[in-house]
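Observations on the model geometry
Chain by chain, the residues:
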Amino acid sequence: MTYEIALEKIHSLLTFGSRPGLDRMRELLRRLGNPQDKLRYIHVAGTNGKGSVCAVLSSVLVAAGYKTGLFISPYITDFRERIQINNRMIDKETLARAVAATFPVLEQLREEGTVITEFEYVNALQFYIHAQARCDIVVLETGMGGLLDCTNVIKPPLGAVITTIGRDHTAVLGDTLEAIAEQKCGIIKNGSAAFTSRQCREAMAVIEKTAARMNVPLIKSEDIEAHIEEMTLEGSRFTIGDMEYHIRLAGRHQVENALTALAALFYFRNKKLLSISDEAILDGLEAAANPARLQLLGKDPIVLLDGAHNPNGVEALREAVRAFLPDTPITCVTGMLADKDVNSAASLLKGLFRRVFTVPVDNPRALAAQSLAAIFAAQGDDAVACSSPQEGIDRALAAAKQENGAVLICGSLYLAGEILSKRAPGAFSPRKRDA
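Residues numbered from 1 in each chain as written. Predicted model: local features only at pLDDT ≥ 70, side-chain atom pairs only at ≥ 80, totals over all residues. Heavy atoms only, no water.

Here Thr 142 is to be found in the loop between strand 5 (137-141) and strand 6 (159-162). Since its relative accessible area comes to 1%, Thr 142 is described here as buried. In contact with Thr 142, not counting residues within four places along its chain, are His 43, Val 44, Ala 45, Lys 50, Ser 73, Asp 149, Thr 151 and Ile 187. (Helix = DSSP H or I, 4+ residues; strand = E, 2+ residues; numbered from the N terminus. Buried < 20%, exposed > 50% of the residue type's maximum accessible area, 1.4 Å probe, protein only. Contact = heavy atoms within 4.5 Å.)

The following block contains the structure:
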């Protein structure tokens with residue numbers, strides 16, 4: 001089987017959508033020999049920050065010498081980003097072999113009346129591939145929620161990490177922070193440990209209650225006394241005690257994500273569950289990368305790319321932009337999906353930009369650029385719909401160069417993927433003048 005055919009088979013399952021529930025997943029894995037039971041995990045759930053926390057955890061574990069699997073979603077430019085070993089995408093041959101070995105099982109289930117969704121199958125693939133590779137540990141990111149998320153078929157992990165909880169996927173997870181937190185906390189299991197980022201009062205109360213009910217220790221990132229020494233668009237420096245740490249992820253919220261990962265790593269080290277040196281932590285933090293999270297694409301003019309698409313994420317983006325570009329005229333290029341809280345996102349960004357160019361996103365759930373422009377215009381922003389992302393970027397770059405301003409591309413990870421996959425090296429750098 002070729003890689004291209006393997007991808008076709010995987011994506012042929014897309015139309016079945018997402019259906020919470022674990023029975024289908026357990027049966028598929030049983031027929032594959034329960035590969036998930038052969039691995040150790042750090043399980044990560046939350047609304048925002050999951051990807052960055054996973055990136056830091058994986059990077060440090062690799063630096064510490066562990067063969068580390070990583071499962072994340074969604075991908076940005078290449079499907080294989082979702083399944084990594086030692087921070088490298090699996091090769092095409094590995095994915096093709098795994099699909100050839102496992103897809104017949106899925107087809108047999110289908111003949112028996114059990115339909116497996118794309119996310120369920122991809123998750124089964126990562127269990128199979130990581131088990132075949134004999135990974136020492138897997139950093140496992142949930143897709144949606146936690147309790148009924150199909151990653152939640154594992155035995156008690158080394159730790160369950162809950163990142164910042166906010167409102168997203170409310171049609172499935174519930175329309176209150178308490179209800180959403182209940183779903184996220186479904187990954188906390190007796191015989192493990194729980195870790196949490198800073199949370200709003202409602203979410204923290206649910207996390208504390210769940211940890212107490214499961215009789216597991218709860219370690220909070222806010223209990224780490226850290227001092228931020230420097231924050232720039234190229235990363236941050238902060239100290240804990242007499243140790244100084246550096247991350248290449250920009251924004252105060254990324255320091256919080258790093259602290260959440262460190263809360264877990266310090267605990268595992270202190271309890272002698274993992275062997276992690278100070279050097280591994282320092283090197284791992286500095287090497288950690290997560291594309292489309294306040295990613296600096298160009299410096300002259302400044303061009304930033306961010307995939308925030310829910311209120312909490314957009315709020316963190318807004319505060320970062322205000323901190324880094326307080327007196328800079330900013331042109332926004334944005335595209336969003338129609339099933340996201342577009343009105344809240346636009347309201348949070350109100351008044352931040354000199355102008356807004358709305359663009360289409362290559363996704364069947366995308367909101368039309370004209371409709372998105374109307375939402376921004378209704379609150380007083382200068383908003384113009386463009387026919388393509390490239391048109392929006394070209395117009396934004398022209399404006400930024402004219403007024404010594406900056407460009408922010410935001411609104412969707414799908415839009416970010418389009419930009420990064422089509423961007424030529426140096427595309428956002430100033431053109432060299434003729435000699």
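Additional details are given in the paragraphs that follow.
Time to look at the sheet that holds strand 11 (residues 243-247). Strand order in this open sheet of 3 strands is 9-10-11, and the pairing throughout is antiparallel. Lying at the two open borders of the sheet, with one neighbouring strand each, are strand 9 (226-232) and strand 11. Between one strand and the next, the sheet's axes are offset by a mean angle of 20°, whatever the strand orientation. Where strand 10 (residues 235-240) and strand 11 come together, 5 bridges link them in antiparallel fashion. Directly across from Thr 239, in strand 11, lies its bridge partner Glu 244. The strands touched by helix 9 (residues 252-270) are strand 9, strand 10 and strand 11; relative to strand 10, the strand with the most contacts, the crossing angle is about 45°. In this fold helix 10 (residues 278-287) packs onto strand 10 and strand 11, with an angle of close to 30° to the strand it touches most, strand 11. (Pairing = 2+ DSSP bridges. Axes fitted to C-alpha atoms, helices over the stretch in contact; angles between N-to-C directions.)

The next subject is the nonpolar core. Leu 95 and Tyr 121 are the most contacted members of the largest nonpolar core, which has 41 residues in total. Secondary-structure elements contributing two or more residues to this core are helix 1 (3-11), helix 2 (23-31), strand 3 (83-85), helix 4 (92-111), helix 5 (118-132) and strand 5. Discounting chain neighbours no more than four positions away, the residues touching Tyr 121 are Ile 10, Leu 13, Leu 28, Ala 98, Val 99, Thr 102, Phe 103, Leu 106 and Ile 116. (Core = buried A, V, L, I, M, F, W, Y, C linked by side-chain atoms within 4.5 Å.)

So, about the sheet that holds strand 6. Pairing within the open sheet is mixed, and its 8 strands lie in the order 4-3-2-5-1-6-7-8. The sheet terminates laterally at strand 4 (88-89) and strand 8 (218-220), the two strands that pair on one side only. By the bridge criterion, 4 bridges tie strand 1 (residues 41-45) to strand 6 in an arrangement that is parallel. Across the sheet, the residue bridging to Ile 42 is Gly 159, located in strand 6. The sheet strands contacting helix 8 (residues 201-214) are strand 6, strand 7 (194-196) and strand 8, and the helix crosses strand 8 at an angle near 150°. Helix 9 rests against strand 1, strand 6, strand 7 and strand 8 of the sheet, and its axis sits at about 150° to strand 7.

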